[in-house]
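Spelled out from the first residue to the last, the chains are:
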Amino acid sequence: MKLNIKNIFTSELPADTILENSRRQVSEAVYSFVKPKKTKKPKVIHVSQEMTQELGISEDETKSEFFKNIVTGNEIYPNTKPYAMCYGGHQFGNWSGQLGDGRAINLFEIEHNSKNWKVQLKGAGETPYSRTADGLAVLRSSIREYLCSEAMFHLGIPTTRALSLSLSGDDVLRDVLYNGNPAYEKGAIVSRISPSFLRFGNFEIFAARKDLKNLKKLVDYTINHHFSHLGNPSKENYINFFKEVSERTLKMIIDWQRVGFVHGVMNTDNMSILGLTIDYGPYGWLEGFDFGWTPNTTDRQNKRYRYANQPNIGLWNLYQLANALYPIIEEVEPLEAILNQYKIDFEKQSLQMMKTKLGLFVADEDDIKLIQELEDNLQLAETDMTLFFRYLSNFSEASTAFKLIENAFYDLENISKDVKKRWDIWFHKYENRLSIERVSFEEKKQKMNDVNPKYVLRNYMSQMAIDEADKGNYDLIDELYQLLKKPYSEQPENEKWFAKRPEWARNKVGCSMLSCSS
Ligand code: AMP
Ligand code: MG
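Residues numbered from 1 in each chain as written. Chains lettered and ligands numbered in written order. Predicted model: local features only at pLDDT ≥ 70, side-chain atom pairs only at ≥ 80, totals over all residues. Heavy atoms only, no water.

**Student:** Sorry if this is basic, but what is going on with the overall build of the protein chain here?
**Tutor:** In terms of helices and strands, the protein chain carries 17 helices and 13 strands. Over its C-alpha trace the protein chain gives a radius of gyration of 23 Å, about what one expects of a compact globule, namely 24 Å for 518 residues. Counting only C-alpha atoms, the protein chain reaches 70 × 60 × 45 Å along its principal axes. Burial analysis of the protein chain (518 residues in total) assigns 58% to the buried set. Considering only contacts within the protein chain whose residues lie at least 6 apart along the sequence, 72% involve residues at least 24 apart. On the protein chain, roughly 21,400 Å² of surface is accessible, and the fraction owed to carbon and sulfur atoms is 49%. In the protein chain, 66 side chains carry a positive charge and 70 a negative one; their mean positions are 3 Å apart. (Helix = DSSP H or I, 4+ residues; strand = E, 2+ residues; numbered from the N terminus. Rg over C-alpha atoms; globule rule 2.2 N^0.38 Å. Buried < 20%, exposed > 50% of the residue type's maximum accessible area, 1.4 Å probe, protein only. Contact = heavy atoms within 4.5 Å. Areas by Shrake-Rupley, 256 points an atom, 1.4 Å probe, with all protein chains shown as cover. Lys, Arg positive; Asp, Glu negative; His and termini not counted. Charge placed at Lys NZ, Arg CZ, Asp CG, Glu CD.)

**Student:** Which parts of the structure should I look at to understand helix H6 (residues 200-208)?
**Tutor:** Because an α-helix packs 3.6 residues into every turn, residues spaced three or four apart end up facing the same way. Of all nine residues in H6, eight are buried, a share of seventy percent or more. Taken residue by residue, H6 has Phe200, Gly201, Asn202, Phe203, Glu204, Ile205, Phe206 and Ala207 as its buried positions. Looking one or two residues beyond H6, the residue adopting positive phi is lysine 210, at roughly 55°.

**Student:** What's the story with the domain arrangement of the protein chain in this structure? I'm lost.
**Tutor:** Often the size quoted for an interface is simply the accessible area lost on bringing the parts together. As far as domains go, the protein chain holds domain 1 (5-200), domain 2 (237-356) and domain 3 (357-449). Relative placement of domain 2 and domain 3: their C-alpha centres are 27 Å apart. Every contact between the two is made by 16 residues of domain 2 and, on the other side, 24 residues of domain 3. Surface buried jointly by domain 2 and domain 3 totals about 1,500 Å² across both partners, of which 60% is contributed by carbon and sulfur atoms. (Domains from an automatic or database assignment. Buried area = accessible area lost by both parts, 1.4 Å probe.)

**Student:** Got a minute to help me understand the coordination of the magnesium ion (ligand 2) in this structure?
**Tutor:** Ideal geometry at a metal centre gives angles of 109.5 degrees when four donors are arranged tetrahedrally and 90 or 180 degrees when six donors are arranged octahedrally. Protein-derived coordination of the magnesium ion (ligand 2) comes from Asn270 (OD1) and Asp279 (OD), at a distance range of 2.0 to 2.2 Å. On the basis of relative accessibility, which here comes to 10%, the residue asparagine 270 falls in the buried class. Among the residues examined, aspartate 279 registers a relative accessible area of 14% and is labelled buried. (Donors = N, O, S within 2.8 Å, 3.2 Å for Na, K, Ca; no water.)

**Student:** I tried to follow the site of ligand 1 on my own but got confused; where do I start?
**Tutor:** The environment of ligand 1 is formed by 17 residues, the closest being Gly100, Gly102, Arg131, Gly135 and Asn270. In the environment of ligand 1, an oxygen atom lies 2.6 Å from a nitrogen or oxygen atom belonging to the backbone of glycine 100. At 3.3 Å, a side-chain N or O of arginine 174 approaches a nitrogen atom of ligand 1. Protein burial of ligand 1: of its 480 Å² of free accessible surface, 82% is covered by the chains. For the shell around ligand 1, the per-class residue count stands at four nonpolar, six polar and seven charged. (Near = heavy atom within 4 Å. Polar contact = N/O pair within 3.5 Å; in protein donor to acceptor, adjacent residues only side chain to side chain. Nonpolar A, V, L, I, M, F, W, Y, C, P; charged D, E, K, R; others polar.)

**Student:** How should the pattern of salt bridges be read in this particular structure?
**Tutor:** Close approach of charged atoms allows side chains of opposite charge to pair. In total, this model carries 39 salt bridges according to the counting rule given. Here glutamate 150 ties to arginine 161 by a salt bridge, and the two come within 2.8 Å at their closest N and O atoms. Pair noted here: glutamate 150 is in helix H5 (residues 139-154) and arginine 161 is in strand S10 (residues 161-174), with a separation of 11 residues, a long-range link. By relative accessible area, which is 4% here, arginine 161 ends up buried. (Salt bridge = Lys/Arg side-chain N within 4 Å of Asp/Glu carboxyl O.)

**Student:** Just checking my understanding: could you explain the layout of surface pockets for this structure?
**Tutor:** Over the atoms rolls a probe the size of a water molecule, and in doing so it shows where empty space is left. Estimates place the volume of the largest pocket at around 1,000 Å³. Residue lining of the largest pocket: 39 residues in total, with Gln91, Arg103, Arg131, Cys516 and Ser518 positioned closest to the centre. Put simply, the parts of the chain that give the lining of the largest pocket at least two residues each are H5, S10 and strand S11 (183-194). Here the element with the most residues in the lining of the largest pocket is H5; it accounts for three residues. Counted by class, the lining of the largest pocket contains 15 nonpolar, 13 polar and 11 charged residues. Formed jointly, the lining of the largest pocket draws a minimum of three residues from each of two domains, domain 1 (5-200) and domain 2 (237-356). (1 Å grid on protein atoms, 1.4 Å probe; cavity = no way out; pocket = protein on both sides within 12 Å on 5 of 7 lines; lining within 4 Å. Points joined across faces, edges and corners; volume = space filled by probe spheres on them.)

**Student:** How should I be thinking about helix H8 (residues 235-259) in this particular structure?
**Tutor:** In this model H8 runs 37 Å from its N-terminal to its C-terminal C-alpha over 25 residues, within 8% of the 36 Å that 1.5 Å per residue would give. Within H8, 18 of the 25 residues are buried, which leaves it mostly tucked inside the rest of the structure. Phi for glycine 260, located one or two positions after H8, is positive at around 80°. (Expected span 1.5 Å × (residues − 1).)

**Student:** Looking at this model, I keep getting lost on the pairing of strand S5 (residues 88-91). Mind explaining?
**Tutor:** As a general feature of sheets, a regular strand has side chains that alternate between the two faces. Of the pairings in the sheet, the one linking S5 to strand S6 (residues 94-98) comprises three bridges and is antiparallel in character. When the bridges of S6 are listed, histidine 90 appears paired with tryptophan 95. With antiparallel pairing between neighbouring strands as the criterion, S5 and S6 make up a hairpin whose turn holds two residues, including phenylalanine 92 at a positive phi of roughly 50°. (Pairing = 2+ DSSP bridges.)

**Student:** How should the state of the cysteines be read in this particular structure?
**Tutor:** Applying the stated criterion to the full structure yields zero disulfides. Left without a disulfide partner, cysteine 511 is nearest to the cysteine sulfur of cysteine 148, which lies 15 Å away. Its sulfur unpaired, cysteine 516 is 15 Å from the next cysteine sulfur, which belongs to cysteine 148. For cysteine 516, a relative accessible area of 27% gives the class partly exposed. (Disulfide = S-S within 2.5 Å.)

**Student:** Mind showing me how you'd approach the packing of aromatic side chains here?
**Tutor:** In this description, a pair of aromatic rings is defined by centroid distance and the angle of the planes. Tallied over the entire structure, the rule returns 31 aromatic pairs. Taken together, a centroid distance of 6.0 Å and an interplanar angle of 90° make the contact between tyrosine 460 and tryptophan 504 edge-to-face. Of this pair, tyrosine 460 sits in helix H16 (residues 459-470) while tryptophan 504 sits in the segment after helix H17 (475-483), placing them 44 residues apart in sequence. Looking at tyrosine 460, the relative accessible area reads 4%, which means it is buried. (Phe/Tyr/Trp six-rings, centres within 6.5 Å; stacked < 30°, edge-to-face > 60°.)

**Student:** Can you walk me through empty space enclosed by the protein in this structure?
**Tutor:** Across all of its chains, the model carries five cavities of 30 Å³ or more by this definition. In this structure, the largest cavity spans a volume of roughly 70 Å³. Contributing elements (two or more residues each) for the lining of the largest cavity: S10 and S11. Looking at the lining of the largest cavity, its residues break down into six nonpolar, five polar and two charged.

**Student:** Can you walk me through the nonpolar core in this structure?
**Tutor:** Counting 151 residues, the largest nonpolar core has Phe203, Trp285, Trp423, Phe427 and Tyr430 as its most contacted members. Looking at this core element by element, the count peaks at 11 residues for H8. (Core = buried A, V, L, I, M, F, W, Y, C linked by side-chain atoms within 4.5 Å.)

**Student:** I would appreciate a short explanation of unusual backbone geometry in the present structure.
**Tutor:** Positive phi, normally seen in glycine, also occurs at phenylalanine 92, with a value near 50°. Relative to the elements of secondary structure, phenylalanine 92 occurs in the loop between S5 and S6. Take phenylalanine 92: its relative accessible area is 29%, and that puts it in the partly exposed class.

Encoded structure:
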């Protein structure tokens, strides 16, 4: 396996001068050199063929011992020096100081087809940033990250990618419910891929330490390699850089809202500077449409990262990034203008996104009201979001509409007359509203199906794949992986996955709520 290796990141940015792999504060450095831990019995259980092609790796090569050893940290690719990054972050609204890659180790950069990719292992052992934890990852959370990041890519949503999913062969101790019942689970390693794994927190840590020299170095590097279309680094371009990060962040979150994805832990250390979905932990997909829903048990009290709050949190996080960049910009107004623009753009883009979900294209001043009434209705009785919007693309007239969508209700038998009436009222308004559109039924249906996925990675689906994998059967991982490559397409052979969450999954751990334990 001959890879076109680069090391631009480590050659341009300052390294930690201490080489010892001990837990500590690391100053004046963007990263620390560190070696992955050797594992007992590594085994690759899935490889993303789309990703291998992007990297210039052949299918045959992915079957080699060498590939296995590289993607599990058991061998280091010749002439490369793995490293862990230093970053800080605001967690649940509070500054946490240094966090860093506690269990992520970057292997190298690959350049292929004029694209530069960073290859990173998650769960490959301790780093100086591991704090009180072990640097490892368990199979269940690794399956979830592996499947979901590739699924997001195929949904057309900006995301980090995954190359491989492997077992380490080591056991890892975890207290899943944080209730004093730790147990051993299978350890796993995902190899993740991204043009950059830089987070808001990489910039915040230097600002917090008043290390403006390195803050500037990192911003200059980021502009030169990831925002080079802006031109050379300058004060003006620091502002333009922030503006683009803000726009990308908003675009990503609007996409999340469109498909009902809830990230679960939108701390600033989990916010990519490229506006990519990153760090798949206790995320989830809305089943019953519910603005107040969060999958993360750690956030059960405040629900800071609930579905409806994601756009606000995106903005809050951008405020933290603005604060971090301020010392090298030294002007408040342009930063404030960008943050204000986020709010304006959010209103605009959110409306536009909801309109496309409904197949509405021309302008009408009552659209905001129509959409609000729809969102109210969706919360009257538990209504499956994915099913609802997919069924709605077949809408032709109000009189038959309820029948069309009734399977989206979790408890159809107990839908009250009042609820049904409110749906009838809304369907009549929708029918009237559609009459001013100029597209044909078929065209409208196609356009709606292009933005309303038929298949998403519901938590119970992952959990089924996890339960099977625990027993050594990885077929379901591949089945879901294949299914989610075409999330917007009709796949008659896969109709069984176009269904509400089964009742057995309603309160099962891993299906309805997840902890951060991973
Ligand atoms: P998260 O909330 O999962 O994004 O993680 C927050 C911080 O905790 C990051 O710095 C992670 O690297 C670190 N972390 C999470 N799990 C582990 C682990 N098992 N070992 C070491 N560090 C971890
Ligand atoms: Mg994280």
